[in-house]
Amino acid sequence: DLAQVADDAAGIVQVDRRREITYDRAAVVEKFGVQPGSIPDWLALVGDAADGIPGVPRWGAKTAAQMLSRYGHLENIPDDWEQWEVRPRGAQAVAASLAEHREDAVLYKRLATLRLDVPLAETLEQLRWEGVPKLKYQALCAELGFESLMDLPSRWTGEG
């Protein structure tokens, strides 16, 4: 989801800490086949299991990337496949599926779009993640019976 806010001009990148990969605009395009601004559309069409977005039947990653590379946003994709300037495999069936599920797809896009206009009282520095308070976390794990998770965090704060 965070790939949608990658913006080279603003110095905004997505960092995958687990894989130690940084995604700028070019890396987002390489991975998904679409510009960062089309990521919510791509997720709406393809689906996002982690966020409970089922996607549109018959729409896979390649078809979504091909169509969004040309049309930018799902609202710009014509219902009639004969009007399409690009022809993915199974275009007629894919178009019929989008026409049938367009209202759902627009909702999925809305759900996948990160809001950038929410007022925050905190500064970016105040929101910086410093780590997990070790003593509090370990006490909670013990209380809940999750002893095996006690040493899981990789970054601890000095506070209790």
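Scroll up to find the structure.
Residues numbered from 1 in each chain as written. Predicted model: local features only at pLDDT ≥ 70, side-chain atom pairs only at ≥ 80, totals over all residues. Heavy atoms only, no water.

Asks: Looking at this structure, how should I read the layout of surface pockets?
Replies: Empty space among the atoms becomes apparent when a probe as large as a water molecule is rolled across them. Roughly 710 Å³ of volume is contained in the largest pocket. As for the largest pocket, its lining consists of 16 residues, of which L2, V13, L124, L127 and R128 are closest to the centre. Every element with two or more residues in the lining of the largest pocket is listed here: β1 (14–16) and α5 (124–127). Class assignment of the residues belonging to the lining of the largest pocket gives a composition of 11 nonpolar, 1 polar and 4 charged. (1 Å grid on protein atoms, 1.4 Å probe; cavity = no way out; pocket = protein on both sides within 12 Å on 5 of 7 lines; lining within 4 Å. Points joined across faces, edges and corners; volume = space filled by probe spheres on them. Helix = DSSP H or I, 4+ residues; strand = E, 2+ residues; numbered from the N terminus. Nonpolar A, V, L, I, M, F, W, Y, C, P; charged D, E, K, R; others polar.)

Asks: Looking at this model, I keep getting lost on the nonpolar core. Mind explaining?
Replies: In globular proteins that are soluble, nonpolar side chains generally tend to be buried together. W42, L45, W59, I77 and W84 are the most contacted members of the largest nonpolar core, which has 31 residues in total. Where this core is concerned, the elements lending two or more residues are α1 (25–32), α2 (39–46), α3 (61–71) and α4 (91–112). (Core = buried A, V, L, I, M, F, W, Y, C linked by side-chain atoms within 4.5 Å. Buried < 20%, exposed > 50% of the residue type's maximum accessible area, 1.4 Å probe, protein only.)

Asks: I keep staring at the environment of L114 and nothing clicks. Help me out?
Replies: Locating L114 in the fold gives a position in the loop between α4 and α5. Of the residues examined, L114 reaches a relative accessible area of 29% and is grouped as partly exposed. Sequence spacing of L114 and V5 is 109 residues, and the spatial spacing of their C-alpha atoms is 8.1 Å. For L114, the contacting residues outside a window of four places in its chain are D1, L2, Q4 and V5. (Contact = heavy atoms within 4.5 Å.)

Asks: Looking at this structure, how should I read the pattern of salt bridges?
Replies: Oppositely charged side chains can form a pair if their charged atoms are brought close together. If you walk through the whole model with that rule in mind, you get 7 salt bridges. For D79, the salt bridge goes to R102, with nearest N and O atoms at 2.8 Å. Highlighted residues: D79 in the loop between α3 and α4 and R102 in helix α4, separated in sequence by 23 residues. By sharing partners, the salt bridges in this structure join D41, E75 and K109 into a single network. (Salt bridge = Lys/Arg side-chain N within 4 Å of Asp/Glu carboxyl O.)

Asks: When you look at the packing of α2 against α3 in this model, what are you seeing that I'm missing?
Replies: Pairs of packed helices are described in terms of their axes, by the angle between the two and the distance that separates them. Put simply, α2 and α3 touch, their axes get as near as 9 Å, and they point 140° apart. The way α2 lies across α3 gives a crossing that is right-handed. Of the residues in α3, those touching α2 at D41, W42, L45 and V46 are A61, A64, A65 and L68. A breakdown of the residues in the contact of α2 with α3 according to their chemical character gives 7 nonpolar, no polar and 1 charged. (Axes fitted to C-alpha atoms, helices over the stretch in contact; angles between N-to-C directions. Left-handed = near helix turned anticlockwise from the far one by under 90°.)

Asks: What is the right way to read α4 from this model?
Replies: In this model α4 runs just 25 Å from its N-terminal to its C-terminal C-alpha over 22 residues, more than 12% under the 32 Å that 1.5 Å per residue would give. Where α4 bends most, the angle comes to about 70°, and this point is H101. (Expected span 1.5 Å × (residues − 1). Bend = angle between axes of the 7 residues up to and from the residue.)

Asks: Would you mind showing me how to read unusual backbone geometry here?
Replies: If a residue is not glycine, its phi is most likely negative; likewise, a peptide bond is most likely trans. Phi is positive for E20, which is not a glycine, with a value near 55°. Residue placement: E20 occurs in the loop between β1 and β2 (21–23). Looking at E20, the relative accessible area reads 73%, which means it is exposed.

Asks: Help me understand a nonpolar patch on the surface, please; the structure alone is not making it clear to me.
Replies: On the surface, L140, L144, F146, L149 and L152 cluster together to form a nonpolar patch covering roughly 470 Å² of accessible area. With respect to the helices, strands and loops of the structure, L144 is situated in helix α6 (residues 134–144). (Patch = residues over 30% accessible without salt bridge, like charges linked within 9 Å, V, L, I, M, F, W, Y side chains within 5 Å. Areas by Shrake-Rupley, 256 points an atom, 1.4 Å probe, with all protein chains shown as cover.)

Asks: Any chance you could explain the packing of α2 against α4 here in plain terms?
Replies: Interaxial distance between α2 and α4 falls to 8 Å at its minimum, and their mutual angle equals 130°. As judged from the angle between their axes, α2 and α4 are oblique. Classified by chirality, the crossing of α4 by α2 is right-handed. Where α2 approaches α4, its residues P40, D41, L43, A44 and L45 are matched on the opposing element by L98, A105, Y108, K109 and A112. (Parallel < 35°, antiparallel > 145°, perpendicular 65-115°, else oblique.)

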